[in-house]
Amino acid sequence: MKLILTLSTMATALVFSAAVLAHGAVTPQSIDTSTLPTLGEEWVDTNPYRELGGEVKVEIIRVGESAYAQNCARCHGLQAISGGIAPDLRELVADFDGDEWYIERVVNGAVRNGAVYMPKMNEHLNQEALWAVRSYVESLTANE
Ligand code: HEC
């Protein structure tokens, strides 16, 4: 009897953790940015990948799409189409002011009254990955 109880408790715990994972309560994933132009530690103040084109841009957008899907989509929506939980990132204008606000959010997250609405993303993602994400979202806007 005791054994059966233990087993069913374990099964419940497993189902529960699977459910938590499905809802996206996961640690942000690091992203391999070795194929992207390096930017260093110091944050630049505007998207350094915006004006690039050609194959390197294709690679930036590929990495950005993957980083977005793993780290942002659960709140900001699949393919950056917001489901209403968090702002639609496609609406953040691709200019200096938009970049300034982007940096503010990915570096500091969004915390109000002790509640974390958005975690600090640059604890897990470097600036290359985060500008690649921005470039990916901009590429979606451009294709609309
Ligand atoms: C846990 C949910 C969550 C995750 C994960 C998340 N965000 Fe957010 N994000 C939010 C919420 C909620 C807001 C709105 C914050 C507020 O209420 O001030 C926000 C706001 C932002 C803003 C400001 C948008 C605006 O129009 O004001 C940017 C930029 C942003 N997030 C980028 C990102 C990026 C890039 C990622 C992935 C690397 C990411 N977020 C991951 C929840 C999240």
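Presented here is an overview of the structure given in this document. (Residues numbered from 1 in each chain as written. Predicted model: local features only at pLDDT ≥ 70, side-chain atom pairs only at ≥ 80, totals over all residues. Heavy atoms only, no water.)

Structural notes on the site of the ligand
Argument step 1. Around the ligand lies a shell of 22 residues, among which Cys 72, Cys 75, His 76, Trp 101 and Met 118 are the nearest.
Argument step 2. Between an oxygen atom of the ligand and a side-chain N or O atom of Arg 105, the distance comes to 3.0 Å.
Argument step 3. The cavity where the ligand resides is the largest pocket.
Argument step 4. Those elements that place two or more of their residues in the shell around the ligand are helix 3 (73-76), helix 4 (96-108), strand 1 (110-112), strand 2 (115-118) and helix 5 (127-142).
Argument step 5. The element contributing the most residues to the shell around the ligand is helix 4, with four residues.
Argument step 6. Its residues assigned to classes, the shell around the ligand shows 17 nonpolar, two polar and three charged. (Near = heavy atom within 4 Å. Polar contact = N/O pair within 3.5 Å; in protein donor to acceptor, adjacent residues only side chain to side chain. 1 Å grid on protein atoms, 1.4 Å probe; cavity = no way out; pocket = protein on both sides within 12 Å on 5 of 7 lines; lining within 4 Å. Sits in = over half its atoms within 2 Å of the grid points. Helix = DSSP H or I, 4+ residues; strand = E, 2+ residues; numbered from the N terminus. Nonpolar A, V, L, I, M, F, W, Y, C, P; charged D, E, K, R; others polar.)

Section: the coordination of the iron atom of the ligand
Four donors placed tetrahedrally around a metal ideally meet at 109.5 degrees, and six donors placed octahedrally ideally meet at 90 or 180 degrees.
Argument step 1. The iron atom of the ligand binds to the protein through His 76 (NE2) and Met 118 (SD); the donor distances cover 2.0 to 2.1 Å.
Argument step 2. Bound by six donor atoms, the iron atom of the ligand shows angles of 84 to 179 degrees at the metal and therefore octahedral coordination geometry. On the criterion of sequence distance, the pair formed by His 76 in helix 3 and Met 118 in strand 2 is long-range, its members being 42 residues apart. (Donors = N, O, S within 2.8 Å, 3.2 Å for Na, K, Ca; no water. Tetrahedral: all angles 85-135°; square planar, octahedral: opposite > 155°, others 65-115°.)

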